[in-house]
Amino acid sequence: MTSLFEDQAPRPLADSLRPQTLEEVIGQDHLLDEEGSIGRMVRNGGRLTSMILWGPPGCGKTTVARLLADKTDLYFEPLSAIFSGVPDLKRVFKEARARREGGQGTLLFIDEIHRFNRAQQDGFLPYVEDGTVILVGATTENPSFELNAALMSRCRVMVLNRLSDDALEGLLGRAEAEKNRKLPVDEQARASLRAMADGDGRYLLNMVEAVFELPDEPVLDMAALSQVVQKRMPIYDKSQEGHYNLISALHKSLRGSDTDAALYWFSRMLDGGEDPKYIARRMLRFAVEDIGLADPNAMTQALQAWETYERLGSPEGELALAQALIYLGTAPKSNAAYTAYKQARAAAKQTGSLMPPKHILNAPTKMMKEIGYGKGYQYDHDAQDGFSGQDYFPDGLERMEFYQPKDRGFERELSKRQAYWSKLRQQKK
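The shown structure was predicted, so the numbers you read here are calculated from the model rather than taken from an experiment.

A.B. asks: Is there a simple way to explain the pattern of salt bridges in this structure?
C.D. replies: When their charged atoms lie close together, side chains carrying opposite charge are able to pair. Evaluation of the coordinates by the stated rule reveals 18 salt bridges. Among the salt bridges present, the one from E413 reaches R417, with a minimum N-O distance of 3.6 Å. Of this pair, E413 and R417 are both found in helix α22 (residues 411–427), 4 residues apart, which corresponds to roughly one turn of the helix. What makes E413 partly exposed here is its relative accessible area of 34%. Overall, R417 belongs to the partly exposed group, its relative accessible area being 42%. It is possible to trace a salt-bridge network through shared partners that takes in D165, E169, E176, K182, R190 and R194.

Following this line, the structure appears as structure tokens:
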């Protein structure tokens, strides 16, 4: 029996402001308006297909799923992949089948669907295929990484956005209307409140609830606000997509010689708890792959920064990484060595086990000398210009040119050297 006291318990602000219609959902117009993917389904007689709602925390995935069930007269069956197992799924499918025979469909909402293993995901397939359930899965992880191909082929992926600053301001307005009072914060603190939410509407409303517990006076500034609420931790999982997205952004910013952007992504990764040694390793790889011989010192700078970090640790060693990052961002770029290496590897695989020409083979035995090993070899140091011009490719294989230096940085000098040897080689043919 529920007591009167429990009936009057206040609801959390995030729950009391939960949208009652799809039109009230904020920040996801690209999916929900008349031309959006979900909006068209609803407008087309409410004929839903199974879907995966992919988006960051607090963007409205659960709310959208619940409202879709209401809009289409489907029975809403919510499950969490964290707390549910095979017995729960069997029960849900049995009840959904009985419900279908009675003329009502079921919208099965699975929160954190990526938590189900591959075998459990396979268990959905026959019930999704025959329409026993309309599956709506919610996930914060990239479905293409976390869900199996068979399930993905039967569902449409709907990408929900993190809430924009305008959307968060709209939530603040709704909260003030619900409480019938203004937030006791100045404009800068109000902006800070939105920034601290980092696109998470639920987190914003939880912070707002704490602020509403204070009197209208004094009005809080940014410093005072920070004493009442805490900034939301950045969304960053060192083993998931956020990790790969940010390191990709860092690498490509460096490749594009945008040093400031590279420093920004570097800082984002550190704030998210990334191991600085992982970033150092990636910087060294970048120096080799994207700068190469355009500035041979880039590899030294990256390696020394890595070694400095290992000796100093955090936070002092992070400055050495930032310094090397600036060097890499401002250095001339060339992937000529990287391209040459890949082409040479491809040629080596294609040509198989061709023997080196006999004239460059050593002949430590009499028999090897008799069959021509080492015959005709010219010692380059004894030749004019210190260059014999002999061919060192396998017999029968035309000479290939893999390394094509760029006309920038130190490779401009290497290009001159390459042209010099090529000219001598032609003269000595």
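A.B. asks: Help me understand the sheet that holds strand β2 (residues 75–80) in this model?
C.D. replies: Across a sheet, strands are paired by hydrogen bonds formed along the backbone, either parallel or antiparallel in direction. Reading across the sheet, the 5 strands line up as β2-β3-β4-β1-β5 and stay open at both edges, with parallel pairing between neighbours. Looking at which strands have only one partner, the edges of the open sheet turn out to be β2 and β5 (156–159). Sheet twist, expressed as the average angle between the axes of neighbouring strands with direction ignored, equals 20 degrees. The pairing of strand β1 (residues 51–54) with β5 spans 4 bridges and is classified as parallel. Bridging across to β5, L53 finds its partner in M158. Contacts from helix α5 (residues 61–72) reach β1, β2, β3 (106–111) and β4 (134–139), with the element oriented near 175 degrees to β3. Packed on one face of the sheet, helix α6 (residues 86–101) meets β2 and β3 and runs near 175 degrees to β2.

A.B. asks: Whenever I open this one, the packing of aromatic side chains confuses me. Can you help?
C.D. replies: Any aromatic ring pair is given by two values, namely how distant the centres are and how the planes are angled relative to each other. Inspection of every chain in the model, using the stated rule, returns 7 aromatic pairs. Ring plane angle 35 degrees and centroid distance 5.1 Å describe the contact between F387 and W421, whose orientation is recorded as tilted. Taken together, the residues F387 in the loop between α21 (366–370) and α22 and W421 in helix α22 connect sequence positions 34 residues apart. We classify F387 as buried; its relative accessible area is 9%. An aromatic cluster of at least three residues, connected via ring pairs, comprises F93, F116, F124 and Y127. Of note, R99 hangs over the ring of Y75, and the distance from its end group to the ring centre comes to 3.8 Å.

A.B. asks: What's the story with the pairing of β3 in this structure? I'm lost.
C.D. replies: Taken residue by residue, a regular strand's side chains alternate between the two faces of the sheet. Of all 6 residues in β3, 5 are buried, a share of seventy percent or more. Relative to β3, β2 runs parallel, the two being bridged by 6 bridges. Within the sheet, the bridge partner assigned to L79 lies in β3 and is I110. As for the winding sense of the linkage, the β-α-β connection from β2 through α6 to β3 is right-handed.

A.B. asks: Which parts of the structure should I look at to understand the state of the cysteines?
C.D. replies: Any covalent bond linking the sulfur atoms of two cysteines counts as a disulfide. Here the structure, examined in full by the defined rule, presents 0 disulfides. Between C59, a free cysteine, and C155, which holds the nearest cysteine sulfur, the sulfur-to-sulfur gap is 17 Å.

A.B. asks: Would you explain α5 in this entry?
C.D. replies: For an α-helix the count is 3.6 residues per turn, leaving residues at separations of three or four pointing the same way. The end-to-end C-alpha distance of α5 is 17 Å, a good match for the 16 Å that 12 residues give at a rise of 1.5 Å each. What α5 keeps buried is the set K61, T63, V64, A65, L67, L68, A69 and T72. Against α3 (29–32), α4 (37–43), β1, β2, β3 and β4 lie the buried residues of α5.

A.B. asks: Quick question: what am I supposed to make of helix α12 (residues 187–197) here?
C.D. replies: Among all positions in α12, only A189, R190, S192, L193, R194, M196 and A197 are buried. Residues of α12 that are buried make contact with α11 (165–179), α13 (201–212) and α14 (222–228). The N-terminus of α12 is capped by D186, whose side-chain oxygen sits 3.3 Å from the backbone nitrogen of Q188. In the segment just after α12, D198 is the residue with positive phi, at about 55 degrees.

Definitions and cut-offs
Counting restarts for each chain: residues are numbered from 1 in the order of the written sequence. Two thresholds apply to this predicted model, a pLDDT of at least 70 for residue-level local features and 80 or more for giving and counting side-chain atom pairs, whereas whole-chain, interface and lining totals are computed over all residues. The basis for every side-chain value is the complete set of non-hydrogen atoms in the structure, without hydrogens or water. By convention in these notes, a salt bridge is any Lys or Arg side-chain nitrogen within 4 Å of a carboxyl oxygen on Asp or Glu. Only DSSP runs of H or I covering at least 4 residues are called helices, and only runs of E covering at least 2 are called strands; the numbering of each starts at the N terminus. Think of it in three bands: residues with accessible area under 20% of the maximum for their type are buried, residues over 50% are exposed, and the middle band is partly exposed, with areas taken using a 1.4 Å probe on protein chains only. Here, any two strands with at least 2 DSSP bridges between them count as paired. Each axis is a line fitted through C-alpha atoms, taken for helices only over the stretch in contact, and angles between the N-to-C directions span 0 to 180 degrees. In what follows, a contact means two residues having at least one pair of non-hydrogen atoms within 4.5 Å. Stacked, tilted and edge-to-face are the three classes assigned to paired rings of Phe, Tyr and Trp, where Trp is represented by its six-membered ring and a pair needs centres within 6.5 Å; plane angles under 30 degrees give stacked, over 60 edge-to-face, the rest tilted. Charge over a ring is defined by NZ of Lys or CZ of Arg lying within 6 Å of the ring centre and within 35 degrees of the ring normal. By convention, a crossover is right-handed whenever its connection, traced from the first strand over the helix to the second and viewed with the strands pointing away, goes clockwise. Disulfides are defined as pairs of cysteine sulfur atoms found within 2.5 Å of each other. Here the expected length of a helix is defined as 1.5 Å per residue gap, with one fewer gap than residues. Whenever a nitrogen or oxygen atom comes within 3.5 Å of another N or O atom, the pair is scored as a polar contact, on the condition that within protein one atom can donate a hydrogen and the other can accept it, and that pairs from neighbouring residues in sequence are kept only if both atoms are in side chains.

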